[in-house]
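# Remarks on the overall topology
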Amino acid sequence: MALKDSRLFRFTAYTLFGLSIASFVFAIVTRVMSGKSTALYHGGTGLPIPNIAALVTIIAIAPTLLFGACLWAWRKWRAMASRRRVD
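Residues numbered from 1 in each chain as written. Predicted model: local features only at pLDDT ≥ 70, side-chain atom pairs only at ≥ 80, totals over all residues. Heavy atoms only, no water.

Right, let's talk about the overall build of the protein chain for a bit. Of the regular secondary structure elements, the protein chain holds two helices and two strands. Its helices and strands taken in sequence order, the protein chain reads α-β-β-α from the N to the C terminus. For the protein chain, the C-alpha radius of gyration of 19 Å lies well beyond 12 Å, the compact-globule estimate for 87 residues. Along the three orthogonal principal directions, the C-alpha set of the protein chain runs to about 60 × 35 × 20 Å. The buried share of the protein chain, taken over its 87 residues, is 9%. Across the protein chain, every contact between residues at least 6 apart in sequence was considered, and the portion connecting residues at least 24 apart equals 21%. Of the roughly 7,500 Å² of accessible surface on the protein chain, a fraction of 71% belongs to carbon and sulfur atoms. (Helix = DSSP H or I, 4+ residues; strand = E, 2+ residues; numbered from the N terminus. Rg over C-alpha atoms; globule rule 2.2 N^0.38 Å. Buried < 20%, exposed > 50% of the residue type's maximum accessible area, 1.4 Å probe, protein only. Contact = heavy atoms within 4.5 Å. Areas by Shrake-Rupley, 256 points an atom, 1.4 Å probe, with all protein chains shown as cover.)

The quantities given are spatial measurements derived from coordinates; they are silent on function.
Below is the structure:
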């Protein structure tokens, strides 16, 4: 069995990815709330980004991901409903 097929491996990977994203969001939100919105954030690529621009990007991406998740769930529900009708 390959490691990528392991449920434990996928659970750990998704959990660590979620925690890293949550940590980034928390760091940016606390910096902006403490009044350092014009200070620069140096990302993994070394590109300096103002904290407020990072916050605006987070606010723009969140509804897009939520819409995508809802669209995916609706498609799944519709596919299941159509399979029940055929049977």
